[in-house]
Amino acid sequence: AWKKHSAREFKTKEEFENEAVRHIETTLARSLFNCDEAAAYAGTALAFRDRLVIEWNKTQQRQTFADQKRVYYLSLEFLMGRALDNAMLNVGLKDVAKDGLADLGFRMEDIISQERDAALGNGGLGRLAACFLDSLASLNYPAWGYALRYRYGIFKQEIVDGYQVEVPDYWLDFNPWEFPRHDVTVDINFYGSVSQYVDDDGKQRSVWDNGEIVTAVAYDAPIPGYGTTTTNNLRLWSSKASHGEFDFTKFNSGEYEQSVADQQRAETISAVLYPNDSLERGKELRLKQQYFWCAASLFDIVRRFKKSKKPWKDFANQVAIQLNDTHPTLAIPELQRILVDLEGLGWDEAWTIVQATFGYTNHTVLPEALEKWSVPLIQHLLPRHLQIIYEINSRFLQYVEKTFPKEKDILGRVSIIEESQPKMVRMAYLAVIGSHKVNGVAELHSDLIKTTIFKDFVKIYGPDKFTNVTNGITPRRWLHQANPKLSELIASKLGGYDYLRDLTLLHKLEAFVDDKEFRKDFQAIKYANKVRLAQYILEHNGVKVNPAALFDVQVKRIHEYKRQQLNIFGVIHRYLQIKAMSAEEKKKVQPRVSIFGGKAAPGYWMAKTVIHLVNQVGKVINADKEVGDLLKVVFLEDYNVSKAEIIVPGSDISEHISTAGTEASGTSNMKFVLNGGLVIGTCDGANIEITREVGEENIFLFGNLAEDVEDLREAHHKQGFELDPLLKRVFETIRSGTFGDAGQFSALVDSIVDHGDYYLVSDDFKSYIDTQGLIDQSYAKQEEWVTKTILSVARMGFFSSDRCIDEYAEMIWNIEPLKPEANG
Ligand code: 26Q
């Protein structure tokens, strides 16, 4: 008889050492003689992995037997970062491992940094999905994530001569956190044709076949919760040639190359994450990725449902599927196809199930970022789905016509098909029509989608279909893991770590705002985190910065709408001011370090120009003896999750300065404030709600409001506009060649001077500069500053992704937690 399991539940450092060593010697077949940091990492990871696996199996079994509704989070991106630290903190044995590693001669930080980031995402949307997984598990919701197992994550960024260079991120050499499930496969069809026939009951039916088949193989990763044994599943699909496809006749008859080429073509589907976070239209491979992933995930979900032997009418009581942006929208026609073509349900019966199953989260209002696919491309790749999309559209338009008979233009406006040349499928409209709820990610954003891109749909469906769920972040990674000293200090005041599971408890910190000891400790922790960041900057940029200076950070994807150009123009302005000062005046200047980081999409020239300018400006300013420590400018290479964990706690002020109305939410703003930093920001995205929570005296807001943006842009075009005089001086400096050949930066300057300044850099410049001045003054009054930061931390409870997940569970998914038994 099989023993139930052989759990190796180490509790002491000796037991941990035994487990780690056993793994190094047997699982890895390595001698302890040459146990380097990589081996120590592997041994530690495998020891903790064993702990997760046991709870993972129990959780999955419990969820299967519980027979209650599950949520499936479909996201093409999960920006997970590293897993070991998270696993150790969740299991609750990080200190034990630390002591054990010390016995073996290793430092915990060195071992943790051996792990490569799982960088399966671009930025905010992908990291949000990762925070959601953490909260879903921590709150005991039965939930799965589904995505692709990209062989290459987001590229690694190198800065060479001030320019971004992209290097492939092959991350799978050693990944102890994934479990291949070679027995869990799904065959996915592409291309081919549709034929109609009449079935035995006289019903008209469609079949899609004669296409090309690619096999999806499941790879699973455990997602442990904090303070619970619930361990959920993240399932990633990898593509490979199907057995039917890999043609052995070809193989044997000497067409070896062709047969290997076919195999490689199949594997290409899951090869690489697309590095654009604003759309690059029309790439067939991207559409193939989307369908491959949606079809494999839905097959898996339906297969699981069918095992329960429940009738189809129960499907949406068992299954909630959340669409993270429009990337998984093909799941809608795919489920309709499964129900109608394969399971024989009637159209209306199936459609009711589809709508009740899906929820759609929108992350942008920028028109250029709304996904569209050409009708000929879908026709070619997914002929049956195109028919289904047309049928969905025609029934929808009939309804609209009946309901609004007097409105002639509405049909063209809301049609899923854009009547362009070629015709395009508007994925966001399909997602709205196929879901029962649509949500934006911050209040302003949710209001904006209702009055702009989805205005007609609010009229058609009523306002209740549209809702808001303001984004959040997991306090486990973004406070406890990234800033253990602050987490510990807070716990010492609040009587333990309960606040990590209920972040609203942070409000109790307000009582300590005047506590001298606490203030001193709080300040010392910020200083220590700045020292650590300064060391990092010295090591990686060769620039020595003073930890006592004000650290001003802007780290995020590089985008014109996020306005890193506004920041660097502001830095140049500051430089010009310092250069014009007498020695006496210089003494009054608040020293600053301007820290930039972020990747540009490889084909986004304007973004790459911004990176180049930042580097050139840094080169000039950092070498200028007249400036010295008063101003330093650094660009941190290859910004990613694990680097954010060092950068975020080391910031005094961070910049969230998008043109009002363009940043759906932003989530790093929340991370910075939670770590005792303040924000300079526009009235955009979640900045508005952060202001409401922390109080407007604790945030530095500036710039035009969203409601004025349209008028300003129109005025630019009709009347032209007067360039802000301070900005003009900045441009003259750039044009004079101070930062190298001015021609290199002309596109950037011209987009403002000659092409209408779409992102309102000039309109907001004065207000930005003035606000930076206020920040200098406020920072100089350290006691006032510390009060602001403590009160802000105390008021950040709302921005936990736990609150966010509870809102989704209640308003959109209608699911309940499934707690492990008390002894489980
Ligand atoms: C789509 C089609 C083809 C290729 C790429 C894409 C693509 C990929 C990623 C489009 C967009 C993205 C990512 C978008 C994103 O990160 N949006 C951010 O989402 C955050 C979480 O809600 C918000 O906080 C940010 O405001 C929003 O910009």
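All figures in this text were calculated on a predicted structure; none of them were measured in a lab.

**Q** Whenever I open this one, helix 14 (residues 383-403) confuses me. Can you help?
**A** An α-helical turn contains 3.6 residues, so any two residues separated by three or four positions project in the same direction. In this model helix 14 runs 31 Å from its N-terminal to its C-terminal C-alpha over 21 residues, within 8% of the 30 Å that 1.5 Å per residue would give. Turning to helix 14, its buried residues number three or more, namely Arg384, His385, Leu386, Ile388, Ile389, Ile392, Phe396 and Val400.

**Q** So what exactly am I meant to see when it comes to the site of the ligand here?
**A** Inspection of the region around the ligand gives 23 residues, with Gly124, Leu125, Asp277, Ala664 and Ser665 positioned closest. Take the shell around the ligand: its biggest share by element is three residues, from helix 6 (residues 124-138). The residue makeup of the shell around the ligand, split by class, is six nonpolar, twelve polar and five charged. Shared between two domains, the shell around the ligand holds at least three residues of each, these being domain 1 (67-82 + 117-469) and domain 2 (549-796).

**Q** Looking at this structure, I do not really get unusual backbone geometry. What am I missing?
**A** Residues Gln421 and Pro422 are joined by a peptide bond in cis, for which omega reads 0°. On the secondary structure map, Pro422 appears in the loop between strand 15 (417-418) and strand 16 (424-426). At Asp67, a residue that is not glycine, the phi angle is positive and equals roughly 60°. Judged by local crowding, Asp67 falls into the exposed class, with 9 C-beta atoms found within 10 Å. A positive phi angle, near 60°, is found at Lys309, a position not held by glycine. The residue Lys309 is located in the loop between helix 9 (284-307) and helix 10 (315-318) in this model.

**Q** Even after reading the chapter, I still don't get the sheet that holds strand 7 (residues 179-190), so can you show me in this structure?
**A** Sheet strands line up and pair through hydrogen bonds in the backbone, either parallel or antiparallel. The strand order 7-10-11-4-1-12-13-17-18 describes an open sheet built from nine strands, whose pairing is mixed. Only two strands of the sheet have a single partner each, and these edge strands are strand 7 and strand 18 (466-468). Ignoring which end each strand starts from, the neighbouring axes of this sheet average 25° apart. Pairing of strand 1 (residues 70-74) with strand 12 (residues 319-324), which is carried by five bridges, proceeds in the parallel orientation.

**Q** Teacher, can you tell me more about the domain arrangement of the protein chain here?
**A** The extent of an interface is frequently quoted as the accessible surface area lost upon association of the parts. Per the domain assignment, the segments making up the protein chain are domain 1 (67-82 + 117-469) and domain 2 (549-796). Relative to domain 2, the C-alpha centre of domain 1 lies at a distance of 36 Å. Each side of the interface is counted separately: domain 1 has 34 residues, and domain 2 has 32 residues. Sorting the residues of the side of domain 1 that touches domain 2 by element identifies strand 2 (78-81), helix 6, strand 5 (156-160), strand 6 (163-167) and helix 17 (443-451) as the ones contributing at least two each. Taken together, the residues of the side of domain 1 that touches domain 2 sort by class into twelve nonpolar, 13 polar and nine charged.

Cut-off values and rules
Residues numbered from 1 in each chain as written. Predicted model: local features only at pLDDT ≥ 70, side-chain atom pairs only at ≥ 80, totals over all residues. Helix = DSSP H or I, 4+ residues; strand = E, 2+ residues; numbered from the N terminus. Expected span 1.5 Å × (residues − 1). Buried ≥ 20, exposed ≤ 12 C-beta atoms within 10 Å, placed from the backbone. Near = placed C-beta within 6 Å. Nonpolar A, V, L, I, M, F, W, Y, C, P; charged D, E, K, R; others polar. Domains from an automatic or database assignment. Pairing = 2+ DSSP bridges. Axes fitted to C-alpha atoms, helices over the stretch in contact; angles between N-to-C directions. Contact = placed C-beta atoms within 7 Å.

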